[in-house]
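Listed below, chain by chain, are the residues.
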Amino acid sequence: MEYRNLGNSGLKISALSFGSWVTFVNQLNQKEATECMAYAYDQGVNFFDNAEAYASGKSEILMGKIIKKLNWDRDSFIVSSKAFWGGELPTQRGLSKKHLNDACISALKRLQVDYLDLFYCHRPDPETPIEETVFAMNDLILQGKIMYWGTSEWSSKEIVTAFKIAKKYNLRGPTMEQPQYNILFRERFEIEYKNIFKKYRIGSTIWSPLASGILTGKYQKGIPKKSRFNVKGYEWLKEEFEKNDTDKQTNILTKLKKLSDKLNITMAQLSIIWCLKNPNVSSVILGASSIKQLKENLDSINYIDLLDENKLKILT
Ligand code: NDP
């Protein structure tokens, strides 16, 4: 495994990490999820991603049980949560100081840990002043409940505002952003965030490196029955896929297939190393609904050197 500094912090995060969105509880039971987490950890993965919203808190409960059962030393892994969608009541959502505090306390209980390594604002909240959010996150750091805070899918303008507030009041600004980044969705990461990577050296833990499985090429042959596109409550993923099933997508999948055949690796592995090649990526969060998928995806780190500058150009 390769370890990268998370932005300008001293935290060494594994270049490949493991997340639980859709999969934990909905597709993986406790035994299967335990096998995946144990395998990932044995391969050097040290970051496990979660959120209060995943399976309405049940994903954190499951991960907490597994961490306890596997009995890992607390100083050997990084675990996250994200706040924004905690429940239906007005006080259970958004980025107010109250909700951030409540969400953090609940995540600590569900994950059965004394502190969170990373705590994210899952989305921007236009109804809460950014100043309130920055102060709330700084307070959680001072209380020792979280080590680093970050944003997810904030605009670069919102992130810059957070940094300016942090500077003005001598508070901790965000250490990392969690955006979607893959060969199909690359504009925000590569263009809009260019300045924040350069000026603020923010870290990034990127999500959906396979665009929910699209980049494996498997959906071109039709949607398999056992797929997240058929998981109850995630029908919108299928709708989005069908809406975006454009020439641009077909063209990229064709290029990926051709190059992966040439390199003798899978399309999933090529798509993952394509993400890893970007120096602004601190960690690629993998998703997997089986140990087989996870093994294939983690193996991609062994092929990173196959993708040199010339081959990267083929994919642009
Ligand atoms: P991916 O884009 O890699 O999608 C993972 C899914 O693709 C799997 O569950 C599986 O779906 C399919 N898949 C994965 N590997 C293979 C393979 N080798 N062969 C065939 N199919 C494969 O990542 P995710 O969308 O899961 O995102 C990763 C993590 O990022 C999440 O778990 C979460 O922690 C985080 N995230 C954060 C978000 C945010 O807003 N901050 C949003 C979304 C994710 P199937 O079951 O259909 O086979």
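On a predicted model such as this, the values are computed, not experimentally measured, just so you know.

J.: So what exactly am I meant to see when it comes to the overall build of the chain here?
T.: When its secondary structure is counted, the chain shows 12 helices and 10 strands. Summarising its shape, the C-alpha atoms of the chain cover approximately 55 × 45 × 35 Å along the three principal directions. Counting only residues that meet the buried cut, the chain has 54% of its 316 residues in that class. Partitioning the contacts of the chain with sequence separation of at least 6, the portion at a separation of at least 24 is 77%. When the accessible surface of the chain is summed, it comes to about 14,800 Å², and 50% of that surface belongs to carbon and sulfur atoms.

J.: In this structure, what is going on with the packing of aromatic side chains? I would like to understand it.
T.: Where two aromatic rings form a pair, the distance of their centres and the angle of their planes describe that pair. Summed over all chains, the structure comprises 16 aromatic pairs. Taking 4.9 Å as the distance between ring centres and 75 degrees as the angle between the ring planes, the aromatic pair formed by Phe84 and Trp85 counts as edge-to-face. For Phe84, a relative accessible area of 14% gives the class buried. Look at Tyr219 and Phe241: their rings are 5.5 Å apart centre to centre, the planes differ by 55 degrees, and that puts the pair in the tilted class. Highlighted residues: Tyr219 in the loop between strand E9 (203-206) and helix H8 (235-243) and Phe241 in helix H8, separated in sequence by 22 residues. Phe241 carries the same exposure label as Tyr219, and that label is buried. Members of the aromatic cluster, each reached through a chain of ring pairs, are Tyr181, Phe189, Tyr193, Phe197 and Trp274. Directly above the ring of Phe77 sits Arg74, whose terminal nitrogen or CZ lies 4.5 Å from the centroid. Stacked on the ring of Tyr39, the Lys or Arg Lys295 has its end atom at 5.2 Å from the ring centre.

J.: For this particular structure, what's the right way to read the packing of helix H1 (residues 30-42) against helix H2 (residues 58-70)?
T.: How two helices pack is summed up by the angle between their axes together with the distance between the axes. It is at 10 Å that the axes of H1 and H2 come closest, and there the two elements cross at 60 degrees. Relative to H2, the element H1 is oriented oblique. The two elements H1 and H2 meet at a crossing, and its hand is right-handed. Between H1 and H2, the residues in contact are Gln30, Ala33, Thr34, Met37 and Ala38 and Leu62, Met63, Lys65, Ile66, Ile67 and Leu70, respectively. Split into classes, the residues belonging to the contact of H1 with H2 amount to eight nonpolar, two polar and one charged.

Parameters and conventions
- Residues numbered from 1 in each chain as written.
- Predicted model: local features only at pLDDT ≥ 70, side-chain atom pairs only at ≥ 80, totals over all residues.
- Heavy atoms only, no water.
- Helix = DSSP H or I, 4+ residues; strand = E, 2+ residues; numbered from the N terminus.
- Buried < 20%, exposed > 50% of the residue type's maximum accessible area, 1.4 Å probe, protein only.
- Contact = heavy atoms within 4.5 Å.
- Areas by Shrake-Rupley, 256 points an atom, 1.4 Å probe, with all protein chains shown as cover.
- Phe/Tyr/Trp six-rings, centres within 6.5 Å; stacked < 30°, edge-to-face > 60°.
- Lys NZ or Arg CZ within 6 Å of the ring centre and 35° of its normal.
- Axes fitted to C-alpha atoms, helices over the stretch in contact; angles between N-to-C directions.
- Parallel < 35°, antiparallel > 145°, perpendicular 65-115°, else oblique.
- Left-handed = near helix turned anticlockwise from the far one by under 90°.
- Nonpolar A, V, L, I, M, F, W, Y, C, P; charged D, E, K, R; others polar.

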